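Coordinates in review
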Amino acid sequence: VTPGPVRVWDAAGGGREIAVGERFLYGLALSRDGARLAAAGADGAGVWDATTGARLAWADGPREAYAVAFSPDGTTVAVSEPGAVRARAAQTGAPGQTFAGNPLRVNALAYSPDGTRLLTGGSDGTVRVWDAGSGSELLTLLAGSEEVTAVAWAGDRVFAAAGGAVHVWAPGLE
């Protein structure tokens, strides 16, 4: 993604720009209600009001970030940072639970529909399932030798894009 603002369009075709960084953007996420926009890029991560474009004041944010995902209730943003994924308070950026274990960069993040699990897709070709509350790794799935570039949940199924293919699992986590 090239440097510059994010353009937000409404159904009537109107749009506006939200300035989210001076350098490259790697990932975006909208809260479920559409009220907030999270962005990850070469300038770090942050959250903006999707209507006004105002940036929320985040403390102690990362210098660089690769992916972001809102929890279903919108209170938490998972941020892929150098060395780990960290859950941060959406309103303040205060650091919370850390998810450490991916040996290489995490490119993609997704919360389970109920918010109890976090999915990470890594440059090492793995998809990892984490307990969102404790940060414990529950399962590692191999998507091949190519890096994972996108992950998603649908019911009890996990999807991952890697190397030109979409991998699908039904891991049966209880």
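A brief report on the enclosed structure follows. (Residues numbered from 1 in each chain as written. Predicted model: local features only at pLDDT ≥ 70, side-chain atom pairs only at ≥ 80, totals over all residues. Heavy atoms only, no water.)

Focus on the overall build of the protein chain
Secondary structure assignment for the protein chain yields 0 helices and 16 strands. Taking all 174 residues of the protein chain together, the buried fraction comes to 44%. Within the protein chain, contacts between residues at least 6 apart in sequence are counted, and of these 35% link residues at least 24 apart. Of the accessible surface of the protein chain, which amounts to about 8,400 Å², a share of 52% is contributed by carbon and sulfur atoms. (Helix = DSSP H or I, 4+ residues; strand = E, 2+ residues; numbered from the N terminus. Buried < 20%, exposed > 50% of the residue type's maximum accessible area, 1.4 Å probe, protein only. Contact = heavy atoms within 4.5 Å. Areas by Shrake-Rupley, 256 points an atom, 1.4 Å probe, with all protein chains shown as cover.)

A look at the sheet that holds strand S14 (residues 148-154)
Taken in spatial order, the 3 strands line up as S14-S15-S16 in an open sheet, and their pairing is antiparallel. A single partner strand is all that each edge strand has here, and the edge strands are S14 and strand S16 (165-169). Each strand of the sheet is rotated relative to its neighbour by a mean of 20°, with strand direction disregarded. Inspection of the sheet shows strand S15 (residues 157-162) paired to S16 by 5 bridges, in the antiparallel sense. Looking across to S16, one finds that phenylalanine 159 is bridged to valine 168. (Pairing = 2+ DSSP bridges. Axes fitted to C-alpha atoms, helices over the stretch in contact; angles between N-to-C directions.)

Some words on the environment of valine 129
Relative to the helices and strands, valine 129 is located in strand S12 (residues 126-131). For the pair valine 129 and leucine 139, spaced 10 residues apart in sequence, the C-alpha separation works out to 5.1 Å.

Geometry only, nothing functional implied.
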